[in-house]
Amino acid sequence: MKQAQFYKKLESDRVHCQLCPHECTISKGNTGLCGVRTNRDGILYAMTYGRVVSSAIDPIEKKPLNHFYPGSSTLSLGSVGCNLRCIHCQNWQISHPEISGMKDRLDFISPADAVLKAQENNCRAIVWTYNEPSIWIEYVLDCAKLARAAGLKTVLVTAGVINSAPLKALLKWTDAYRLDIKGFSEDFYQRLTGSRFLKQILVNARTAYDSGAHIEIVTNVIPNWNDSDEQLRGLARWIVENLSCDVPWHVTRYYPYYQMTEPSTPIETLDRARMIGIEEGLKYVYVGNVPGHPAEKTVCVDCGEVLIDRSGYKVSVNNTVRGSCKFCRARIGHYQGD
């Protein structure tokens, strides 16, 4: 274990964790809501420092990121724990476990070894994903500093539930911030995740954008939960007005999982969500989790030619040249690539 950052000591060996909006007060021998930050004799420790439950070489499109070094490979790292309790979580086995029952599944990968593994596999970036990376902040920061020195990019795949000070510390070393904005109402967040943190998540999105990090937004569209025109239009408008019309918005298909039993999202609903985004002024709205859907492609908004032809996680054609359209030379909005 490693001593945690972003906490304050209290009386009677209690500690106040200041990493995320839960602001847990943790008594001696206990952990915070995330399950991985524990109080030992009045000192807060990060129990999962370097402890990896999943490591894989993934395409960047799997994150999903469509405007950040498309077609490149990434080293994806994940651990256990989360500071939300989403009832449709695809990774609930690692996000909601008792860490004591996971010890045999956790390998140790040092920050230096993570960078070496990324280099050996010709990865363009290291991505912290699978579970919430912010609760792993000490390890992410140590890895990211070494990664940048080695010329690697760094990516957070996050739900954005973090306080401002630790977020700013992360953003100094973050190249891309792939953010879930799950819906556009606090009531929806309470029902789905158990917490009402939408306001903080939106503040964090703006902070990430203003930091210069590349940002893309994902919304998993759930029938009868967050698929109303009001929620979809409100979120699309918020992105345009507070970030940029060039920021990609991924509207992805939900499938029933864990405790959620609603049927899968109809394709027509995703098409409607995409059209709403375009009507509100977004230039790049993608449909996800529907392999072969035409809206997986990146299209030049000036001449209409296909710039990046992708199906699922595979890029078959890339007609970009130094961030511009090969055909009409128009710049691609909010894009990073070789």
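This text goes with the structure placed above it.
The structure reproduced in this document is the subject of the present report. The structure displayed is predicted, hence computed values, not measured ones.

1. Considering the pattern of salt bridges
Then comes step 1: Across all of its chains, the model carries 16 salt bridges by this definition.
Then comes step 2: The salt bridge partner of Asp180 is Lys182, with a shortest N-O separation of 3.5 Å.
Then comes step 3: Across the pair Asp187 and Arg196 runs a salt bridge whose closest N-O atoms are separated by 3.0 Å.
Then comes step 4: A relative accessible area of 43% means that Arg196 is categorised as partly exposed.
Then comes step 5: Three or more residues joined by partner-sharing salt bridges are found here, namely Arg233, Arg237, Glu279 and Glu280.

2. Points about the nonpolar core
Then comes step 1: The biggest cluster of nonpolar side chains holds 77 residues, and the ones touching the most others in it are Leu77, Trp128, Tyr139, Ile181 and Trp249.
Then comes step 2: Looking at which element gives the most residues to this core, the answer is helix α3 (residues 137-149), with seven residues.
Then comes step 3: Among all residues touching Trp128, those that are not within four sequence positions of it are Leu77, Pro133, Trp136, Tyr139, Val140, Cys143, Ala144, Thr154, Val155, Leu156 and Val157.

3. Focus: the environment of Ala330
Then comes step 1: Mapped onto the secondary structure, Ala330 falls in the segment after β21 (324-325).
Then comes step 2: What makes Ala330 buried here is its relative accessible area of 14%.
Then comes step 3: Placed 30 residues apart in sequence, Ala330 and Cys300 show a C-alpha to C-alpha distance of 7.8 Å.
Then comes step 4: With residues near it in sequence (within four places) discarded, Ala330 still touches Cys300, Asp302, Gly323, Ser324 and Cys325.

Definitions and cut-offs
Residues numbered from 1 in each chain as written. Predicted model: local features only at pLDDT ≥ 70, side-chain atom pairs only at ≥ 80, totals over all residues. Heavy atoms only, no water. Salt bridge = Lys/Arg side-chain N within 4 Å of Asp/Glu carboxyl O. Buried < 20%, exposed > 50% of the residue type's maximum accessible area, 1.4 Å probe, protein only. Core = buried A, V, L, I, M, F, W, Y, C linked by side-chain atoms within 4.5 Å. Helix = DSSP H or I, 4+ residues; strand = E, 2+ residues; numbered from the N terminus. Contact = heavy atoms within 4.5 Å.

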